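Residue strings, one per chain:
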Amino acid sequence: SAVISQKPSRDICQRGTSLTIQCQVDSQVTMMFWYRQQPGQSLTLIATANQGSEATYESGFVIDKFPISRPNLTFSTLTVSNMSPEDSSIYLCSVGPSSSYEQYFGPGTRLTVT
Amino acid sequence: AQSVAQPEDQVNVAEGNPLTVKCTYSVSGNPYLFWYVQYPNRGLQFLLKYITGDNLVKGSYGFEAEFNKSQTSFHLKKPSALVSDSALYFCAVKSNNAGNMLTFGGGTRLMVKP
């Protein structure tokens, strides 16, 4: 399985600011995913990030609010822009290695917006 | 559209007793089914998957799950629960003909009491 790290592990941010979350994988992977887990809720897919192409966003999520970069096969960033308290969540990146069907998840970034 | 239902928000079981965490799903096409576990302040850990073949699949930490196509279910089981099994469990599904979209259930909190 892939080993995935995320930075920061947690942050407290002020309303109106932006935060960039980094996701690093220890092996090259084709597909990377970003999820949001709101307090006490399940996971919701924000977008799929493939290297060399624009991220594909799920319904309810837009690029202006959640811009994503995928500069190479081991790294991606998610920015949460113009934050409001409703953005307080855990943000998780995951990877889907081509050799398996399951996805593997990073430890998550716990974001609190005040 | 694909969906997952975990009908129990919480399951309580005594240590040493068998446990079952329920999951039902709906997909078009053939389902790929997964169980993940989330410990406090941690990311999701992959437990097991059903892709094809034997309906009873075994995974990490002594967990197993049974795929039942007629009942569209994929219940998670363990013969003898441990206190350390206490965590949040998520069932997830994706279709074999719908790309990489992984849909999660709402999660079930398992509480194992000594």
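Summarised in this report is the structure supplied together with it. (Residues numbered from 1 in each chain as written. Chains lettered and ligands numbered in written order. Predicted model: local features only at pLDDT ≥ 70, side-chain atom pairs only at ≥ 80, totals over all residues. Heavy atoms only, no water.)

## Some remarks on the overall build of chain B
- Secondary structure assignment for chain B yields 0 helices and 12 strands.
- Shown N-terminal to C-terminal, the secondary structure of chain B runs as helices and strands in the order β-β-β-β-β-β-β-β-β-β-β-β.
- For chain B, whose C-alpha radius of gyration is 14 Å, the value lies close to the compact-globule estimate of 13 Å for 114 residues.
- Along the longest, intermediate and shortest principal axes, the C-alpha atoms of chain B span 45 × 30 × 20 Å.
- Burial status across chain B gives 49% buried among its 114 residues.
- Sequence separation of at least 24 residues holds for 57% of the intrachain contacts in chain B that already meet a minimum separation of 6.
- Only carbon and sulfur atoms are counted for the fraction: they give 48% of the accessible area of chain B, which is about 5300 Å².
- On chain B, the mean spot of the 10 positive side-chain charges and the mean spot of the 7 negative ones are 6 Å from each other. (Helix = DSSP H or I, 4+ residues; strand = E, 2+ residues; numbered from the N terminus. Rg over C-alpha atoms; globule rule 2.2 N^0.38 Å. Buried < 20%, exposed > 50% of the residue type's maximum accessible area, 1.4 Å probe, protein only. Contact = heavy atoms within 4.5 Å. Areas by Shrake-Rupley, 256 points an atom, 1.4 Å probe, with all protein chains shown as cover. Lys, Arg positive; Asp, Glu negative; His and termini not counted. Charge placed at Lys NZ, Arg CZ, Asp CG, Glu CD.)

## Some thoughts on the interface of chain A and chain B
- Contact residues are listed per partner, giving 20 residues for chain A and 20 residues for chain B.
- Both sides of the chain A and chain B interface together cover about 1500 Å² of buried area, and 58% of this is carbon and sulfur.
- By the criterion of area lost to chain B, the three top residues of chain A are Tyr101, Glu102 and Phe105 of chain A, representing 34% of everything that side buries.
- Where chain A packs against chain B, one counts 1 salt bridge.
- Between glutamate 102 of chain A and lysine 49 of chain B there is a salt bridge whose closest N-O contact spans 2.8 Å.
- Seen at the junction of chain A and chain B, the total is 6 residue pairs in polar contact (both at pLDDT 80 or more). (Buried area = accessible area lost by both parts, 1.4 Å probe. Salt bridge = Lys/Arg side-chain N within 4 Å of Asp/Glu carboxyl O. Polar contact = N/O pair within 3.5 Å; in protein donor to acceptor, adjacent residues only side chain to side chain.)

## Details of the environment of asparagine 55 of chain B
Residue and element names in this part refer to chain B.
- Structurally, asparagine 55 is set in the loop between strand E6 (44-50) and strand E7 (56-58).
- C-alpha of asparagine 55 to C-alpha of valine 112: the two residues are 57 residues apart in sequence and 26 Å apart in space.
- Setting aside chain neighbours within four positions, we find asparagine 55 in contact with Tyr50, Ala65, Glu66 and Phe67.

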